[in-house]
Amino acid sequence: MQPSGTDKQGMPGFPSRPVSPFAASPPRSAAPFPSSGPVIELETSYNPLTSLPHQPPMPTSGPGIAHPVQSIGYGPPRPTATPDAVISGTLSPRQITTPSSPTQGPFYSSKTTAAYPRFSSPFAPIPPPVGAHPTVQTSSPPAMRPQPFQPSVPPSGPPQTYIPPYSSMPPRGNAPLPPMDSAFSATRPGHPSYLQPTPSSPFPPSHGGFVPPAPVSFPFSTGSKGAPAQPLGSVAPPTGALQNLYEEFQSMSIGSAAGSMDGGINLNSLPRPIDSGAESTSIADAYPQNCHPRYFRLTTSAIPNSQSLQSRWHLPIGAVVHPLADSPDGEQVPIVNFGSAGVIRCRRCRTYINPYATFADSGRKWRCNLCSLLNDVPPEYFCTLDVNGRRCDLDQRPELTKGSVEIVAPTEYMVRPPMPPIYFFLIDVSATAAHSGMLEIVANTIKSCLDEMPGSPRTQIGFITFDSTLHFYNLKSTLTQPQMMVVTDLDDLFIPLPDDLLVNLADSRNVIDVFLDSLSTMFQQNTNVESALGPGLRAAFMVLSQLGGKLIVFQSALPSLGVGRLKLRGDDLRVYGTDKEHLLRVPEDPFYKQMAAEFTKYQIGVDIFACSERYCDVASLGTLCKYTGGQLYHYPSFRGEVHHEKFKFDLSRNLTRETAWEAVMRIRCGKGVRFTSYHGNFMLRSTDLLALPSVDCDKAFGMQLSLEETLMTSQTVYFQVALLYTSSSGERRIRVHTAAAPVVTDLAEMYRHADVGATISLMSRLAIEKMQSNKLEEVRQSVQLRITKSLKEYRNLYAVQHRLGGRLIYPESLKLLPLYGLALCKSAALRGGHADVALDDRCSAGHNMMILPISRTLKLLYPTLIRVDEGLLKGGQSTEIPSALPLTKDVLDPSGLYVYDDGFRFILWFGRMLPSELMSSILGFDSSGFVDLSKVNLVEQNNGISRNLMGLLRRMREKDTSCHQLCMIVRQGEQPHEGLLFLSNLVEDQSFGISSYGDWILHIFRQTQQNP
């Protein structure tokens, strides 16, 4: 008997989840997942975003480049004249510098890495004068050195044709910007020590109550030609109305020098992330009973009270849900067993009782916080109330004090006995799989994980191998060795010995060991290069359809026989840039989506390990993972000696991590709001029920929120995530996460409570899905347009009232949004065209971004770059990881060794002047005559330098145990490997026709200056 439920239109017989006469398994004493809560829901169809009209920028007539173009040698740039000047407020004549100033401006040295700090915030937020004033400590900002800039056209030249920021050509020029009204700025406490601050302001801080924070701008500064910008602290102290403005805003200007039309930006002061995985705690004090933000994070923790207010918020409003995330340090999700009282739920909206529910009538009734219905309290759950209206047993009821709990589900939450953990392997044994080393690694890794698979002694296992035929294996416990049965008819499949293909792991352990020991040698001399993946999927479905489980597919070649055979795509360059371009990124054959629907219906999740040396059509294969709650692992140009360590880690984690089986998830909302679209790997059964045949702690989901009412009257909105699943031990569980958020009437409050991590994570999912129906250029423009409109709307809140011309004011909470937006446009999924990223690599990157938690998404978009050679030469075992550097080639020293970490791989960049002794110690051989270091497998050598480097890489991996970075080596000047593997990922530099970080900011600033 299968789970039943609301059928999806067009998919008959699609089951859902409720009651069953079968008894529940005895409760466990500990939660199978160290951190999350249950939910019951399904998926909805994706509605692609409507592309917003592009706003053309004002005509420009001069280079908009914020820094000089560097040579490929990474040497320090030549000093160039910088025709910039600060124009703001009421400056004295000595502070207005002109382009004729003879002093030569400083320039960036490629060896000076301290010039690029990562600011948590350049300036502390200062609240606007609304009501009482909070305490504000003001001080003069440190002196900033301007970035050298060389104009490419005279300032008096005629206006040039606009070139969009994605063009390979830089923007030509800049229209004169309006003068600024104030040059005063306050620095934040703890400003980086390498920038020497000027004496603090003599004005005492003001005091007052709690009010919304003020807008914050990017700390831009400009200077005269060839001279540093005048220290702002040297300006006379502000008085009167100017003093009020000084306390309201901390902002520096993007301005033009006197007699010039070229803007300037101090690249040192652009914000960069310090801790990309930090969770937002903006409302933690107001709602201490909320679940931890790693389980549920809203893009803004302030919900608009009207649809008109929502329409002014140009960023997506929604949430990122990570239901089975690892528990925060020192915490465990408590287990609740209601016993004979049954699960306490609202009888109208089905919300589970939670800390925000209230009790009435001396404890005999409880009021649902989502729909306000008054429910009866079962006699078994009754308890008297104290004088404050709280239950006297509150300390003994975690469901009334904790935002996350795990409820033991009774028999009515089952439609059949809980299924055992089932792992079924579909393995490619063609010549390609054998010769690449994939087959040997698969066999050895599976055998090493047998003792650690969850659910013992209930776990079941089975195998099918395939090339041009299908091979079934009888693993019955009474046998001494497995029996192989070959089926050659791919069109009319049948299953030989169906009862012996799926066996209990504990009972048949000896036979399974014999099979795995002989698997790699059995097909070592195979010369068959065909792949019958489609028939293999059908055969696996026939075996698993009785119980469900997880199907793990290992594929090394493009499917070529039977149903589901695919052909090479992407070689017709005429398709790119046309309206048919997106068809390359969607499944070619509907067979895979149809199979995914069948798999989901029978509780079968699919994980795919694509280990192809050439094109394997990830766009089609990934459909199986997308709609079954699975995961795609792609290893381009697979070679066993290079990918062995990462492949083994990924497969081991897949087999040994705790998994939730036959799960469904639903997110409930309070009155007036609802989730309208869902984004991730699942199948949507009804409008809000997500079917997840298997789900684990490595998968997160995004969803968009909308208002159902024109005007909301409630002051708080509640959300509840519920995941109903079967644990590996055989228990039916409900993991519940509850959170609350305030309803606001002010757009400024929405900006104040914005979460940049959740916002960019949801935006990345929307961009990936938009990529399935639009050209890449249109997707990138839509990302930029959202950011520009959001900053422009924020500017309109303050710019007119306070005359903030020439400034890019910006909320502190979203100061990193432009950087992450630029990184998203330069990600492997969205950047460039057909020649920049292989089609399989692009689709694989998109699949990864659809399931990644927020912290890993931010790490993938803006990776870590550190210099390690100095620490290695000092010797000793340091436990500290060096400080991170900006992702620009300007920080690269030709005599240095750098490590790049994006969460999926380490790239070691060897400068051309790195001492040969250091290289030999790390590599174990003299690399002077070795042409291609990208083929070298880095292993620990018998010397202190190598041991220290490998120890550092281990510590970096330990920061996130959910991934294992593949280590790759690149040497400076080694083309094309250096450009493809390393330089293309330095997101702050101009590449793929997309602006550099400085140019990107300038372009956004110009767009915000334009009238509607």
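Just so you know, these numbers come straight off a predicted model, no measurement behind them. (Residues numbered from 1 in each chain as written. Predicted model: local features only at pLDDT ≥ 70, side-chain atom pairs only at ≥ 80, totals over all residues. Heavy atoms only, no water.)

Colleague: Would you mind showing me how to read the overall build of the chain here?
Modeller: The secondary structure content of the chain amounts to 20 helices and 29 strands. Burial status across the chain gives 63% buried among its 1012 residues. Taking contacts inside the chain between residues at least 6 apart in sequence as the whole, the part at least 24 apart equals 81%. (Helix = DSSP H or I, 4+ residues; strand = E, 2+ residues; numbered from the N terminus. Buried < 20%, exposed > 50% of the residue type's maximum accessible area, 1.4 Å probe, protein only. Contact = heavy atoms within 4.5 Å.)

Colleague: Sorry, what's going on with helix α17 (residues 916–923) here?
Modeller: Burial in α17 covers these residues: L918, M919, S921, I922 and L923. Among the structural elements, α16 (869–874), β27 (897–901), β28 (905–910), α18 (944–958) and β29 (966–971) are those in contact with the buried residues of α17. Of the residues flanking the end of α17, it is G924, one or two places downstream, whose phi is positive at about 90°.

Colleague: How do you make sense of the environment of R735 when you look at a structure like this?
Modeller: Position of R735 relative to the elements: it lies in strand β24 (residues 732–744). Expressed as a C-alpha distance, the spacing of R735 and L324, which sit 411 residues apart in the sequence, is 8.4 Å. A distance of 2.5 Å separates the side chain of R735 from the side chain of E406, its partner in a polar contact. (Polar contact = N/O pair within 3.5 Å; in protein donor to acceptor, adjacent residues only side chain to side chain.)

Colleague: Looking at this model, I keep getting lost on the sheet that holds strand β22 (residues 701–707). Mind explaining?
Modeller: The strands making up a sheet are joined through hydrogen bonds of the backbone, oriented either antiparallel or parallel. One open sheet holds the four strands; their spatial order is β2-β4-β22-β19, and the pairing between them is antiparallel. Edge positions in the open sheet fall to β2 (296–298) and β19 (673–679), since each of these has one partner strand only. Averaged over all pairs of adjacent strands, the angle between their axes in this sheet comes to 25°, without regard to strand direction. Relative to strand β4 (residues 318–321), β2 is paired through three bridges, and the arrangement is antiparallel. From the neighbouring strand, F296 faces β4, where its bridge partner is V321. Along the sheet, helix α11 (residues 756–770) contacts β2, β4, β19 and β22; its crossing angle with β22, the most-contacted strand, is approximately 100°. (Pairing = 2+ DSSP bridges. Axes fitted to C-alpha atoms, helices over the stretch in contact; angles between N-to-C directions.)

Colleague: What is the right way to look at the confidence of the model for the chain in this model?
Modeller: Close reading of the predicted structure is inappropriate where its pLDDT is low. Taken over all residues, the pLDDT of the chain has a mean of 78, while the share at 70 or more is 72%. When the criterion is pLDDT under 50, residues 34–253 qualifies, and its contacts beyond four places in sequence or with other chains add up to 620 contacts. (pLDDT = per-residue confidence, 0-100.)

Colleague: Is there a simple way to explain a nonpolar patch on the surface in this structure?
Modeller: Nonpolar side chains collect at one region of the surface, where M484, V486 and M522 lie side by side and expose about 250 Å² of accessible area between them. Counting through the fold element by element, M484 comes out in strand β13 (residues 483–487). For M484, a relative accessible area of 42% translates into the label partly exposed. (Patch = residues over 30% accessible without salt bridge, like charges linked within 9 Å, V, L, I, M, F, W, Y side chains within 5 Å. Areas by Shrake-Rupley, 256 points an atom, 1.4 Å probe, with all protein chains shown as cover. Salt bridge = Lys/Arg side-chain N within 4 Å of Asp/Glu carboxyl O.)

Colleague: It is not clear to me how the sheet that holds β28 should be interpreted in this structure. Could you clarify?
Modeller: With respect to topology, four strands assemble into an open sheet ordered β26-β27-β28-β29, the strand pairing being mixed. One side of each edge strand has no neighbouring strand; the edge strands of this open sheet are β26 (864–867) and β29. Going across the sheet, the axis of each strand differs from the next one's by a mean of 20°, ignoring polarity. Strand direction decides the pairing type here: β27 and β28, joined by five bridges, are antiparallel. Paired with Y898 across the two strands is W909, which belongs to β28.

Colleague: Would you take a moment to explain the pairing of β26 for this structure?
Modeller: In regular strands, side chains alternate between the two faces of the sheet. Both faces of β26 are covered, namely the face carrying T864 and I866 and the face carrying L865 and R867. The sheet contact formed by β26 and β27 spans four bridges and is antiparallel. Pairing of L865 across the sheet is with Y900, part of β27.

Colleague: Is there a simple way to explain the side chain of S508 in this structure?
Modeller: For S508, the location among the structural elements is in the loop between β14 (503–504) and α5 (509–522). Of the residues examined, S508 reaches a relative accessible area of 2% and is grouped as buried. Each residue touching S508, except ones within four places of it in the same chain, is listed here: L475, K476, S477 and V503.

Colleague: Help me understand the packing of helix α8 (residues 618–626) against helix α14 (residues 839–851), please; the structure alone is not making it clear to me.
Modeller: Each pair of packed helices can be described by the angle between their axes along with the distance between the axes. α14 packs onto α8 with a crossing angle of 15° between their chain directions and a minimal axis gap of 9 Å. Considering the angle they form, α8 stands roughly parallel to α14. The interaxial crossing formed by α8 with α14 has right-handed handedness. Contacts between α8 and α14 involve V618, A619, G622, T623 and K626 from the first element and D840, C843, S844, H847 and M850 from the second. Of the residues in the contact of α8 with α14, the class split is four nonpolar, four polar and two charged. (Parallel < 35°, antiparallel > 145°, perpendicular 65-115°, else oblique. Left-handed = near helix turned anticlockwise from the far one by under 90°. Nonpolar A, V, L, I, M, F, W, Y, C, P; charged D, E, K, R; others polar.)

Colleague: How do you make sense of the environment of R345 when you look at a structure like this?
Modeller: Counting through the fold element by element, R345 comes out in the loop between β5 (335–336) and β6 (358–360). Separated by 30 residues in the primary sequence, R345 and N375 place their C-alpha atoms 8.6 Å from one another. Excluding its chain neighbours within four sequence positions, the residues that come into contact with R345 are R350, T351, Y352, W366, N375, Y413 and R668. Within the structure, R345 has its side chain in polar contact with the side chain of Y413 (distance 3.1 Å).

Colleague: Help me understand the packing of aromatic side chains in this model?
Modeller: Two descriptors summarise a pair of aromatic rings, namely the distance from one centre to the other and the angle between the planes of the rings. One pass over the structure, following the stated rule, counts 25 aromatic pairs. For the ring pair F463 and F515, a centre distance of 4.7 Å and an interplane angle of 50° mean the geometry is tilted. Linking F463 in strand β11 (residues 460–466) with F515 in helix α5, this pair joins segments that are 52 residues apart in sequence. Considered together, F463 and F515 belong to a single accessibility category, that of buried residues. When the centroid spacing of 5.8 Å and the interplanar angle of 75° are considered together, the rings of F541 and F599 count as edge-to-face. Highlighted residues: F541 in helix α6 (residues 533–544) and F599 in helix α7 (residues 591–601), separated in sequence by 58 residues. Across this residue pair, the class does not change: F541 and F599 are buried. Site record: aromatic cluster; members linked through ring pairs are F425, F463, Y473, F515, F554, F609, Y633, Y635, F638 and F647. Over the aromatic face of Y627 sits the side chain of K626, whose NZ or CZ is 5.6 Å from the ring centroid. Taking NZ or CZ as reference, R856 lies 4.8 Å from the ring centre of F904, over its face. (Phe/Tyr/Trp six-rings, centres within 6.5 Å; stacked < 30°, edge-to-face > 60°. Lys NZ or Arg CZ within 6 Å of the ring centre and 35° of its normal.)

Colleague: Could you clarify how one ought to interpret the pattern of salt bridges in this entry?
Modeller: Pairing is possible between side chains of opposite charge, provided their charged atoms come close. Applying the stated criterion across every chain yields a total of 41 salt bridges. One salt bridge connects D688 with R666, and the closest N-O pair in it is separated by 3.2 Å. With D688 in the loop between β20 (683–684) and β21 (690–696) and R666 in strand β18 (residues 659–669), the pair connects residues that are 22 residues apart, well separated along the chain. Several salt bridges converge on common partners, so that one network encompasses R653, R657, D696, D698 and K699.

Colleague: Help me understand the environment of I604 in this model?
Modeller: Along the chain, I604 turns up in strand β16 (residues 604–610). For I604 and L547, which are 57 residues apart along the polypeptide, the C-alpha to C-alpha distance reads 8.5 Å. Dropping the residues within four chain positions of it, I604 is found in contact with F541, L544, S545, G548, G549, L551, F599, T628 and P693.

Colleague: Help me understand the pairing of β19 in this model?
Modeller: Taking burial as the measure, the seven residues of β19 include five buried ones, the bulk of the element. Where β19 meets β22, six bridges bridge the pair, whose relative direction is antiparallel. If you follow S677 over to β22, its bridge partner there is Q704.

Colleague: Can you walk me through helix α9 (residues 640–656) in this structure?
Modeller: Structural remark: α-helix, 3.6 residues per turn; residues separated by three or four positions point the same way. By the largest-angle criterion, K646 marks the main kink of α9, which is about 35°. Those residues of α9 that sit buried are G640, V642, H643, K646, F647, D650, L651, S652, R653, N654 and L655. (Bend = angle between axes of the 7 residues up to and from the residue.)

Colleague: Can you help me understand unusual backbone geometry in this one?
Modeller: Excluding glycine, residues mostly have negative phi values, and the peptide bonds linking residues are mostly trans. The linkage connecting S456 with the following residue, P457, adopts the cis geometry, with an omega of 5°. Assignment of secondary structure puts P457 in the loop between α4 (438–449) and β11. The residue S362 is not glycine, and still its phi comes out positive at about 60°. In this fold, S362 is placed in the loop between β6 and β7 (365–367). Taking the relative accessible area as the measure of exposure, S362 reaches 47% and is therefore partly exposed. One non-glycine residue, L497, lies in the positive phi region at around 45°. Relative to the assigned elements, L497 resides in the loop between β13 and β14.

Colleague: Whenever I open this one, the packing of helix α13 (residues 817–825) against helix α20 (residues 997–1009) confuses me. Can you help?
Modeller: Where α13 meets α20, the axes come as close as 10 Å, and the angle between the chain directions of the two elements is 115°. Considering their axes alone, α13 and α20 lie roughly perpendicular with respect to each other. As for the relative orientation of α13 and α20, their crossing is right-handed in sense. The residues of α20 that touch α13, namely those facing P818, L819, G821, L822 and C825, are Y997, W1000, I1001 and I1004. Residues that form the contact of α13 with α20 fall into these classes: eight nonpolar, one polar and no charged.

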